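Chain residues, written in single-letter form:
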Number of protein chains: 4
Amino acid sequence: MIAGIIGATGYAGAELVRLLSGHPKIDKLSLASVSFEGGRIENIYPHFLGRLSYPLEKPEAVVAASDIVFAALPSGVGEGYAKLCIEKGISFIDLSADFRFDDDEATFTAWYGKPYVHPELRKSSVYGLPELNRGRIKELALAGPLIIGNPGCYPTGASLGAFPALVKGIVEGNVIVDSVSGVTGGGREPVRSFHFPECSDNVAPYKVGVHRHTPEIARNLAAMAAKASRGAPALIFTPHLAPMNRGILSTIYLPLAREWKPETAAAPNSAPLPPDKETNEAAENIRKVYEDFYRDEPFVRVLPAGVIASTRGVRASNYCDISVHLDQAGTTLIIVSAIDNMVKGAAGQAVQNMNIILGFEERAGLEAVPAVF
Amino acid sequence: MIAGIIGATGYAGAELVRLLSGHPKIDKLSLASVSFEGGRIENIYPHFLGRLSYPLEKPEAVVAASDIVFAALPSGVGEGYAKLCIEKGISFIDLSADFRFDDDEATFTAWYGKPYVHPELRKSSVYGLPELNRGRIKELALAGPLIIGNPGCYPTGASLGAFPALVKGIVEGNVIVDSVSGVTGGGREPVRSFHFPECSDNVAPYKVGVHRHTPEIARNLAAMAAKASRGAPALIFTPHLAPMNRGILSTIYLPLAREWKPETAAAPNSAPLPPDKETNEAAENIRKVYEDFYRDEPFVRVLPAGVIASTRGVRASNYCDISVHLDQAGTTLIIVSAIDNMVKGAAGQAVQNMNIILGFEERAGLEAVPAVF
Amino acid sequence: MIAGIIGATGYAGAELVRLLSGHPKIDKLSLASVSFEGGRIENIYPHFLGRLSYPLEKPEAVVAASDIVFAALPSGVGEGYAKLCIEKGISFIDLSADFRFDDDEATFTAWYGKPYVHPELRKSSVYGLPELNRGRIKELALAGPLIIGNPGCYPTGASLGAFPALVKGIVEGNVIVDSVSGVTGGGREPVRSFHFPECSDNVAPYKVGVHRHTPEIARNLAAMAAKASRGAPALIFTPHLAPMNRGILSTIYLPLAREWKPETAAAPNSAPLPPDKETNEAAENIRKVYEDFYRDEPFVRVLPAGVIASTRGVRASNYCDISVHLDQAGTTLIIVSAIDNMVKGAAGQAVQNMNIILGFEERAGLEAVPAVF
Amino acid sequence: MIAGIIGATGYAGAELVRLLSGHPKIDKLSLASVSFEGGRIENIYPHFLGRLSYPLEKPEAVVAASDIVFAALPSGVGEGYAKLCIEKGISFIDLSADFRFDDDEATFTAWYGKPYVHPELRKSSVYGLPELNRGRIKELALAGPLIIGNPGCYPTGASLGAFPALVKGIVEGNVIVDSVSGVTGGGREPVRSFHFPECSDNVAPYKVGVHRHTPEIARNLAAMAAKASRGAPALIFTPHLAPMNRGILSTIYLPLAREWKPETAAAPNSAPLPPDKETNEAAENIRKVYEDFYRDEPFVRVLPAGVIASTRGVRASNYCDISVHLDQAGTTLIIVSAIDNMVKGAAGQAVQNMNIILGFEERAGLEAVPAVF
């Protein structure tokens, strides 16, 4: 089985190389890079020397050589390769946003500033968040070659954190997602905001109110709420950058529905007191709902009471860790979710999607124990 | 003029040493340290070698030698020194929480787990957030020696970010404060959570729903709302730790009051679109209200449109930087505030309070240009 | 096959857990921890939740349950467990310094301040640097259960960097090893020097002239020189700490023997000029000697000309990367070697030793591709 | 007094802005920037908002407006401005390498690849390392307008560390300088090697054997040795990059001259033992020589026995900290020197030179206490 990667020298591409080269079902890779065509991957990333060695070819050669193709390209440039793959009869896993909005071209265009190149490809495409769409992905994969719109990094962590609360009716009202990302999320191209002296020892939000992942998160929340016949919640989303390489931590604020509030939930306007026994019990009840909801998911870990999700806890793994909390007054559910932005937030989830499409064990190639430090 | 520092070898104490040794009105320091009594400050912190040299004495000796005394001690151990100062007729600036709650001993006790030692001292004490209480501090200082309850680090950044919105009636509903702090906020004592291999390359919240700064922030918000005859908003506060030394960034979510929403503010449940012209204008209007509100404040900078507050921007300075944003739908005000937790969040604000009490120029000793990198 | 780990909750222990749990020949682990006896590993390191789960038992129970035992303990406390293993007839891989000096108890005692507990165990022990001693390790392993003195982190990187130059007679005179380590090298116990605010944004040497790895490096250099019937070189070694988690970079300065100098090697006292063609050729010749020397080593990579070794290049892998350089004047060989201090410098090398002892493929369980970022 | 800065928006330029805006003798700045001409400094660096505000003009306008001019430009582009200043009769402090080699144009050309533009300007220029050349700088300044070749960052730390040993005849033989720099040393332009994900959590040397600071360090060592009628030592210099913003740490290895070795200095080839009493006394004797040598220098601190120089210890200050050590065998002097690369290594030293030229107190504007964290 040969896996192809178009855009292999960007960070997401290099992470695909790393993961797929250790995958038990993948025998060989075929790589393309616009920036380094004609070179070799182990010269671009000397970390790979002695472990793997591949030329960097044209995308068309990769499609021709492969049994499945991944693309880690900017939005708007990969649809042609998707078309080639479908025509050849192989699946295409796209890490850009091009196939994340299904037939809602209007939303895509409003946020990404361009129309679809081949709108008809959406008949063969599905949004690849397994915890939301696994059934549909499997079903479509049986029917023929498939295009996966692999989720964005922020949408993955934010959606997984909010899903159980939405589908179980635990919350009602606005959803606020406050996320902090490591710097690899910005890619390999050197720009001032990711220049070491500018982003080390610094935390700041960016693109407040205008980040392109906003409609993707909102769409996921709406889709999950719809499963429980509920309306779409409004979404406020603020991304931040922190001086670390990997990881996204999302702190998600969801107002509790009346029936899930502790009886002692504070009246507004009263001075805050530390959480009482009822509040702590209410939090634990909700934590158990989360635990149940994700019991069979191979890559979502609802943490035991007392353990708080952190980016370090999932580093270099495909896990999404979730911890469940209430504010002191018992009025607001506070969910903390952590993923590795390059694994569950990009390349790992893409491999997970490949596993589902090709009928492999879903954990295959993704079993590394998170490094502790 | 001799300034005394009790607790001079902790981080806040050392920052006081740094700032006061460059203060134009302070001729000499007198230092005490429980941990290193009998030693010298320049041996504990060799950075000071050749620039300053002081013995570390008993607190009583410091009170006896000084014209004003700062205490950078844990909560619950410094009231006795406050009493000594008042009896001697000099002012006492306390960086712990002991004097932040005025006569509301119940709230202090609920969160800090102990009663006041000398409750009667609250007759001479005032909460030292100049942007809230400058008038009262000045008034009381004229009347005699004063105890300042110097604000906590999170409460400083959070309160300054929310004040104009509250007092001008721009918002109504819950206030959510999501804050990220540098590691010096945890003090100098080595513990696992601040061990380099555990907290580098990691972002995580801590003390979710139970952090002691919660009632202090809530009280400040209530006090400011009361100035406009409005009720106290409910508060949700979540602190995080990030791998940097200094700084607190607070992202504050405040639901817009109807009259401040753009006319085009999105209905709930609709798919998010990028912000329109009306939304951007509404944001700019609120930014101008903030600018007006803080026009005469020496240490609050409302940033121009297009510049986002960051911890780097205030590093090693006494500034609080504030940037003003709306979410894409025009329903929620998003305020970002940044302070240096050791300066405006601790030692710098204490010096600012000293300047007010003693009638010095409020900027004295605090004029350093923030280091760019 | 059951592998036991005594000292499983320190950093080296946790790294052993990570590596051994992915090892194709190891079915199960048995873990002991003094600090957390009675607990479970996945509670101490929640990163492991859902991937592995083991109780923390007494060391004796681990010896009883295991087919091979690793100990990651401070020097001076593990000899008794080594004895138990030998008596039981299983091998013992010791990550402390206790078995690194063979029967040279005098040197051990001079630097570690205590005598051997069971000197007679040195009959069954061997220093486990495979690139120096592989033949002897294999030979002894055939003869019965074996104790491995697993090398120190600095000695591994420094020795591998200097070996070819010494054994091929390329250099003569003092060897200067200037090393920079990540903070995990200091272990998991929180102390001031590894407190985030003290060691972030800082580089400094420590234990100059007195570090305990000095005699171990010197002994290795002498052993390798002896293989070529040369005398032991004098050693100067200076360790530094840098603000990163993993990795040791050693820059090694070795004066070129006359016959290896370029003909144009500068006379002393002349003003330096950039390296000329002859100097660059001389460097390339030596690089090829290094390449030949390590051609069959599975974990030593001599980098191509133009690539400089870096800690990032070996991160989380068992590789030692080496790059070969000359100074501008062509008089001094400058070798740069990089290892991951927790893998090739500790747990990975221990697994490599296990593979050799038990006749597994030497790369087994150590094939992870280094993470690029 | 108006100070002009050409190249004000690079890192060295911005640091000049910071330092000069707090200088007691400078009333106003005049700034030029090629990249941002027509803009304002406080828009490029919003940290400065509210504290200072200047337009960015053409270099010629800056020369016309100023009483002294600093240039923080790449080598080879600033000589024309130097000429303008001399013609106008004002001094010019150049932070590039253009004036560091006096009339040795051959060495400059060999390393920088271009000839001098106005060779005759070297009649008015002097190398501005005050600890080497203060007398000459003062003398020339009395005679008329002066061009200062402000030293490179590595040469400053390395030279100050080696000077006393060379001039006092403590050492003989090669000098090895192993230096580690923070990332601001690479400037503000985003390039891959300073991209956060590439240089965080990484230590590596660069430009081994070919760094342009090599001839400058060698020339300084030769100049100082000549003061004691000694020959120029050979120099090996290796720069490294570490994941921190500011600072250069140099570890300097110098072979002890026979008369300075402890009587017990180890014979080569013997197994290393920890340093004995004689070795420790020999180290302390040399430390005292260093202390005497630098007794009257305002910015060199020879640290007390037991304190090791670190970049943190000099952060944001103009100090060069030096600690003195011997290897365990008593054969090699190991000097550790630390500077802040942007202050003593660039902008601070430039201000120190201005103070000398204009007859100000040499410490003026450079008295900030190093920040502890």
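The structure this text deals with has already been given above.
Small disclaimer: the values here were computed from a predicted structure and weren't measured.

> Teacher, can you tell me more about the overall build of chain A here?
Scanning chain A from terminus to terminus reveals 11 helices and 14 strands. By the compact-globule yardstick of 21 Å for 373 residues, chain A fits well, its C-alpha radius of gyration being 21 Å. Across its three principal directions, the C-alpha atoms of chain A cover 70 × 45 × 40 Å. Taken across its 373 residues, chain A has 65% of its residues classed as buried. Summarising the internal contacts of chain A: among those between residues at least 6 apart in sequence, 71% fall at separations of at least 24. Here chain A displays about 12,000 Å² of accessible surface, and carbon together with sulfur accounts for 51% of that area. Here chain A contributes 35 positively and 40 negatively charged side chains, and the mean placements of these two sets differ by 3 Å.

> Honestly, the relation of the copies chain A and chain B in this entry has me stumped. Any pointers?
Between the two copies of the chain lies a rotation about an axis combined with a shift along it. Overlaying chain A with chain B gives an RMSD of 0.0 Å, the required rotation being 180° about an axis along which the chain moves by 0.0 Å. Those values place the two copies in the arrangement expected of a two-fold rotation axis. Most of the interface of chain A is mirrored in chain B: 100% of its interface residues are interface residues there too.

> Is there a simple way to think about the relation of the copies chain C and chain B in this case?
For the match of chain C to chain B, the screw axis carries a shift of 0.0 Å, the RMSD comes to 0.0 Å, and the turn is 180°. Taken as a fraction of all interface residues of chain C, those also at the interface in chain B reach 100%, which identifies the copy contact as same-surface.

> How should I be thinking about the side chain of Asp201(B) in this particular structure?
Relative to the helices and strands, Asp201(B) resides in the loop between helix 8 (196-199) and strand 9 (204-205). Asp201(B) sits in the buried class, given a relative accessible area of 15%. For Asp201(B), the side chain forms a polar contact with the main-chain nitrogen of Asn245(A), separated by 3.1 Å.

> I tried to follow the environment of Thr238(B) on my own but got confused; where do I start?
By the secondary structure assignment, Thr238(B) is in strand 10 (residues 235-241). Residues Thr238(B) and Glu367(B), 129 residues apart in the sequence, show an inter-C-alpha distance of 31 Å. Sequence-distant contacts of Thr238(B), that is, excluding residues within four places in its chain, are made with Thr251(A), Tyr253(A), Ile334(A), Val177(B), Asp178(B), Ser179(B), Pro205(B) and Val208(B).

Criteria and thresholds
- Residues numbered from 1 in each chain as written.
- Chains lettered and ligands numbered in written order.
- Predicted model: local features only at pLDDT ≥ 70, side-chain atom pairs only at ≥ 80, totals over all residues.
- Heavy atoms only, no water.
- Helix = DSSP H or I, 4+ residues; strand = E, 2+ residues; numbered from the N terminus.
- Rg over C-alpha atoms; globule rule 2.2 N^0.38 Å.
- Buried < 20%, exposed > 50% of the residue type's maximum accessible area, 1.4 Å probe, protein only.
- Contact = heavy atoms within 4.5 Å.
- Areas by Shrake-Rupley, 256 points an atom, 1.4 Å probe, with all protein chains shown as cover.
- Lys, Arg positive; Asp, Glu negative; His and termini not counted.
- Charge placed at Lys NZ, Arg CZ, Asp CG, Glu CD.
- Least-squares fit on C-alpha atoms with pLDDT ≥ 70 in both.
- Polar contact = N/O pair within 3.5 Å; in protein donor to acceptor, adjacent residues only side chain to side chain.

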